Structure formats: structure tokens, C-alpha cells
Amino acid sequence: FTARALSDLEKRIQELTHELLDEVEKQDRVDLKQAYGLPIPATVISEIMGISREEMPHFQNLMRVLSTGLSGWSILRTLVWDLRRAMHFMRELIARKRLEPGDDILTGLIHAEEEGERLSEDELVAMVFLLIIAGFETTVNLITNGALTLLEHPDSVERLRAEPELWDSAVEEIVRYRGPIHSSKPQFATEDVEWRGVMIPKGSAVFPLYGAANHDPAAFDSPEVFDIARAPNKHLGFGWGPHFCLGASLARMETRITLKTLLERNPKLRMAVPAEELRVHPAPGWHRYESLPVVLG
């Protein structure tokens, strides 16, 4: 994203937060994840992708399939039926973008294909899948996890009100302390590797555990303490090096604006149920809650 594009997105996200809260605040108790945390990334990623209003219901169903259908007993239905429908929708979307190009990421990817960048239609479909997961699902859960973390640390909320310049640092600490991604896909050793006295044979799978690394006492002082002013904070919540998340700037911005606006407009915000009653969604490698009931105020 260019600086101008990020500036425009920041204004759009601010508009969205106030529009949503105007509706959400009409209720005393809400599921913050569904009513507030989910619609903002969904709207932002759809606009970035150039999804029309008419296509939004299909697109939202696609996001539901990708975010909830690949775990548990629903995986069979997803693989046999839902993914086929999702693939059909994306191919139709790509075909429309070829005929009606716009100022969006998908149009840019299609043009790159036509200019010899060797993106086939299958590769374009794969890129759409990646953008949805990276730009939607992770951000929804980062916002939800962040809201829960701040509600559990009212002293940090008070400090943010007194020192709003700490919001960027607070978001980084949320990513470290309770990020939504705890592990990545397996990496395979291309040769025998010895790492700190342990031999990893060629062909063996290694799973990077970001959640463990972000709470490693060898890397962080008092890693179980939530510290919104932590510095340095070299967490691995967005990956590292060539695998660093391309959407990190957008995710940080969405999380910062969403949480800041929520707390400014609802200074008496509190949990509607004890934290131990919250259910963690059973998805390997993720730390995401099924809902976040809160009382506004």
C-alpha cells in the first residue's frame, strides 16, 4: 500500500467504526466480534478487492467458508461442496474484472497476468484465497483478541486515555501477547540440519510456533505481562524476513482505529460474561474466540 492509499483507508476505516457503533450502541449487550470486529475487515477487504454491493452476500459467504469451514466436522462439506461454489464465484469475479477493470487489487493482479507476469487463472484464484485469509480472518480475530485483552487490563486502558501516543505500541503488544496466529504451515528440511544440539533429518517437518516464540523468556522480559509500552518488541506475530505479512500495516491500522474508537465512545465497556466462559474456536494454529459478549456504555 502507498502512503496515499493508507491515508484514504484510514479515513474510510474511521467512517466505518462510527457508522457501526451508531447501530451497535442502540443495544445494551452485543457480541462484539460479530457486530463490530467482523464487519470492518470484511468491508475493507471487499472494497480493496473491488467487490460490488450486489456481490457482497456471495463474498461474505465465501469468507465464512474459508474462515470456519476448514476445521471440525464441517470440513467434508466444505471440501466437497462449499469450496466448489467459492471457486466458481471467484472465477466469475475474475471474468467480470477483465471486462470491467477498476482501481483495486484484483484488477492489478489481472493486469500483471496480461503483461507477462505469468499469473494463470488458477494462480489468481489462489491469490484471492490468500488475500481473504490474510486480510480478513486474521484481522477479525486480532481486533477481538485485542478488545478482550484491554478489557482484562483496565489499567492499560486508562494509560492509553492519558497517553494516546502509546496506541501503536499497544497494538504491537496485543499481537505479541494474544495474537490470533500461533503457528504456521510446516517447513521441511532440505538437508540434515543440527539446531542447538538437535538433529533435524532431511525431509522432516518443522512447525514454527509463533505463540511460543512471542512468550519466550529468552527474548522478552516478563513475557506473561501485558505491557503496552514494551520496547523493543520484536514479536513474530506478522512473520519475519521474506515471510513477513504484506498486510501488516493495514491490520495494525484497522486494529488501532477500531479499538481506539470503541473505547472512546464506550468508556464503561465491560465483559458480559466471565472470561473463562469464552469459547476458543478449535482450529489448529489459531487462537480465536467464537464470540465476545460485552455490555456497552
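Residues numbered from 1 in each chain as written. Predicted model: local features only at pLDDT ≥ 70, side-chain atom pairs only at ≥ 80, totals over all residues. Heavy atoms only, no water.

**Q** So, the side chain of Glu172: which residues are in play, and what are the values?
**A** By the element assignment, Glu172 lies in helix α9 (residues 167-178). If we ignore the near neighbours within four places in the chain, the residues touching Glu172 are Asn233, His235 and Arg252. (Helix = DSSP H or I, 4+ residues; strand = E, 2+ residues; numbered from the N terminus. Contact = heavy atoms within 4.5 Å.)

**Q** Please give an account of the pattern of salt bridges that cites residues and values.
**A** Considering all chains together, one arrives at 22 salt bridges under this definition. Lys26 serves as the salt-bridge partner of Glu23, at 3.2 Å between the closest nitrogen and oxygen. Judged by relative accessible area, which is 46%, Glu23 ranks as partly exposed. Between Glu172 and Arg252 there is a salt bridge whose closest N-O contact spans 2.6 Å. (Salt bridge = Lys/Arg side-chain N within 4 Å of Asp/Glu carboxyl O. Buried < 20%, exposed > 50% of the residue type's maximum accessible area, 1.4 Å probe, protein only.)

**Q** Break down the packing of helix α3 (residues 39-49) against helix α11 (residues 248-265) for me, citing the residues and quoting the values.
**A** Look at α3 against α11: their axes get within 11 Å of each other, and the N-to-C directions meet at 140°. As far as their axial angle goes, α11 and α3 are oblique. Relative to α11, α3 is oriented so that their crossing is right-handed. Residues Ile40, Pro41, Val44 and Ile48 of α3 form the contact with α11, whose own contacting residues are Leu250, Glu254 and Thr258. Of the residues belonging to the contact of α3 with α11, the class tally is five nonpolar, one polar and one charged. (Axes fitted to C-alpha atoms, helices over the stretch in contact; angles between N-to-C directions. Parallel < 35°, antiparallel > 145°, perpendicular 65-115°, else oblique. Left-handed = near helix turned anticlockwise from the far one by under 90°. Nonpolar A, V, L, I, M, F, W, Y, C, P; charged D, E, K, R; others polar.)

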